[in-house]
Amino acid sequence: MGVSLNRNGEGALPYRSTARTQQLWTVLIFLLPTFVLFIVFVVYPVVQSFYYSMFNWKGFGPAVDFVGLDNFKRILTDKAFMKAVGNTLTIVVLSLFIQLPLSLGLALMVGRDLPGKRFFRTIFFVPYVFSEVITAIMWMGLFNPDPDRGLINALIVLMGGKPQPWLGSPQMVMGCIFVVLTWKYFGFHMLLYMAGLQNIPREIEEAALIDGCSTGQMISYVTLPLLWGTIRTSIYLSVLGALQQFGLIWVMTKGGPVNASEVMSTYMYRYSFIRFWLGYGSAVAIVILLISLAFSIAYLRLVRQQDVLGGVL
């Protein structure tokens, strides 16, 4: 470690300590704008929402009608909210067991030696580029119950069937919404998997094939384990996206019919900005935040534990 000497040959402050201090201040200065924005646009709104959740507040004037935890008690006893939670969990489960495997299968096909793979990559990714509003409007036209206006019912009638009230049926609406969500987002996850496949050395897979592995065995025992880091990232993003899904469902059904497609975000929006029960809506927002935070912490701890065990084994 270099040390500066004064005229008398006595030791002065080390250069390294001074350099480290300067680097620390440089980092802090560059982080300060981001930190301020994070406090203003993330931390402060969360604290404010928690404050308003303690009041029966309509959004006009100061919040003075203090109700404590009554809003949270009402949430947990409201059948409509429980229905919204169930619908949200349905989207999560279907995404994990249908959407992501579909994306992975297409990535394995398109990311390798499929003829015309560039064309298919583009076609599969295009739906993700569309906004949720545009996507919802497009599919509302396709699901229109009038065969003269809706393409799907027109094809059904053409084949001799009866038109179906797709978005107007409590039994069909969630299935229709999941079809739209899958159409829009599977391309994004497919792109993640394709990026992960590019990081797997082709020589490893070729060596497995030379050693006698079939294509299925090579995918199961070589490709998927090496792709696990990308898969768990995709799972994390998919679950968080499902927990916070709002725009597409609100435009298509507004949570109807009779709460059949209600999810937590549409439930919160309804009470906050349609009925102007902002105190209650703030409580719902806090509950959604806590659920998302609990999942994030539990999932990241589980993944970290698997990494540690994998390193030990």
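Please refer to the structure higher up on the page.
What this report covers is the structure whose coordinates are included nearby. (Residues numbered from 1 in each chain as written. Predicted model: local features only at pLDDT ≥ 70, side-chain atom pairs only at ≥ 80, totals over all residues. Heavy atoms only, no water.)

## Some points on the overall build of the protein
Stated precisely, the cut-off is as follows: Starting at the N terminus, helices and strands are each numbered in turn, a helix being any DSSP run of H or I of at least four residues and a strand any DSSP run of E of at least two. Atoms counted for the radius of gyration: C-alpha only. Globule rule: 2.2 Å times the number of residues to the power 0.38. A 1.4 Å probe rolled over the protein chains alone gives each residue an accessible area, and that area as a share of the maximum for its type sets the label: buried under 20%, exposed over 50%, partly exposed in between. Residue contacts follow a heavy-atom distance rule, with two residues in contact if any of their heavy atoms lie within 4.5 Å. The Shrake-Rupley method, run with a 1.4 Å probe, gives the accessible areas here. Residue values count only the displayed protein chains as cover. Charged residues are defined here as Lys and Arg on the positive side and Asp and Glu on the negative side; His and the ends of the chain fall outside this count. Charged side chains are reduced to one point each, which is NZ for Lys, CZ for Arg, CG for Asp and CD for Glu.
For the protein, the count of helices and strands is 13 helices and 2 strands. Relative to its length of 313 residues, the protein is extended, with a C-alpha radius of gyration of 27 Å against a globular reference of 20 Å. The buried share among the 313 residues of the protein stands at 35%. The contacts in the protein between residues at least 6 apart in sequence include a share of 63% that link residues at least 24 apart. As displayed, the protein has an accessible area near 18,900 Å², and 69% of this comes from carbon and sulfur atoms. For the protein, the distance from the average site of its 22 positive side-chain charges to the average site of its 14 negative ones is 5 Å.

## Quick word on the nonpolar core
This is how it is decided: Among buried residues, those of type Ala, Val, Leu, Ile, Met, Phe, Trp, Tyr and Cys that are joined through side-chain atoms within 4.5 Å constitute a nonpolar core.
Residues Ile75, Phe81, Ile91, Phe143, Met252, Tyr267 and Val284 are the most contacted members of the largest nonpolar core, which totals 39 residues. For this core, the secondary structure elements donating two or more residues are helix H2 (70-77), helix H3 (79-110), helix H5 (132-142), helix H7 (173-198), helix H10 (228-243), helix H11 (247-252), helix H12 (264-274) and helix H13 (278-312). Looking at this core element by element, the count peaks at 7 residues for H7. Among all residues touching Phe81, those that are not within four sequence positions of it are Ile75, Met264, Tyr267, Val284 and Val287. Core analysis: the second largest hydrophobic core is formed by 15 residues, Leu100, Val110, Phe186 and Ile200 among them.

## A look at the side chain of Asn87
Definition in use: Under this definition, polar contacts are N or O atom pairs within 3.5 Å; protein pairs additionally need one hydrogen-donor-capable and one acceptor-capable atom, and for neighbouring residues in sequence, both atoms have to be side-chain atoms.
Within the secondary structure, Asn87 sits in helix H3. When its relative accessible area of 6% is taken as the criterion, Asn87 is described as buried. At a separation of 2.8 Å, a polar atom in the side chain of Asn87 contacts the main-chain carbonyl oxygen of Glu262. If we ignore the near neighbours within four places in the chain, the residues touching Asn87 are Met174, Asn259, Ala260, Ser261, Glu262 and Val263.

## Thoughts on H5
The condition that has to hold: Here, the arc refers to the directions that run from the helix axis to the C-beta atoms.
Listed as buried for H5 are Thr135, Ala136 and Trp139. Angular distribution of buried residues about the axis of H5 spans 100 degrees; they occupy a single face of the element. Where H5 is buried, its residues meet helix H4 (117-129), H7 and H11.

## Remarks on the layout of surface pockets
So the rule is basically this: A cavity here means a set of points on a 1 Å grid, drawn over the protein atoms and nothing else, where a 1.4 Å probe fits but cannot get out; a pocket is an open set with protein on both sides within 12 Å along at least five of seven lines, and a residue lines either one if it has an atom within 4 Å of a point. Grid points are joined across faces, edges and corners, and a volume is the space filled by probe spheres set on the points. Following the grouping adopted for this structure description, the nonpolar residues are Ala, Val, Leu, Ile, Met, Phe, Trp, Tyr, Cys and Pro, the charged ones are Asp, Glu, Lys and Arg, and the polar ones are all others, Gly among them.
The calculated volume of the largest pocket comes to roughly 230 Å³. Among the elements of the structure, H3, H7 and H10 are those that each provide at least two residues to the lining of the largest pocket. Take the lining of the largest pocket: its biggest share by element is 5 residues, from H7. Its residues assigned to classes, the lining of the largest pocket shows 8 nonpolar, 6 polar and no charged.

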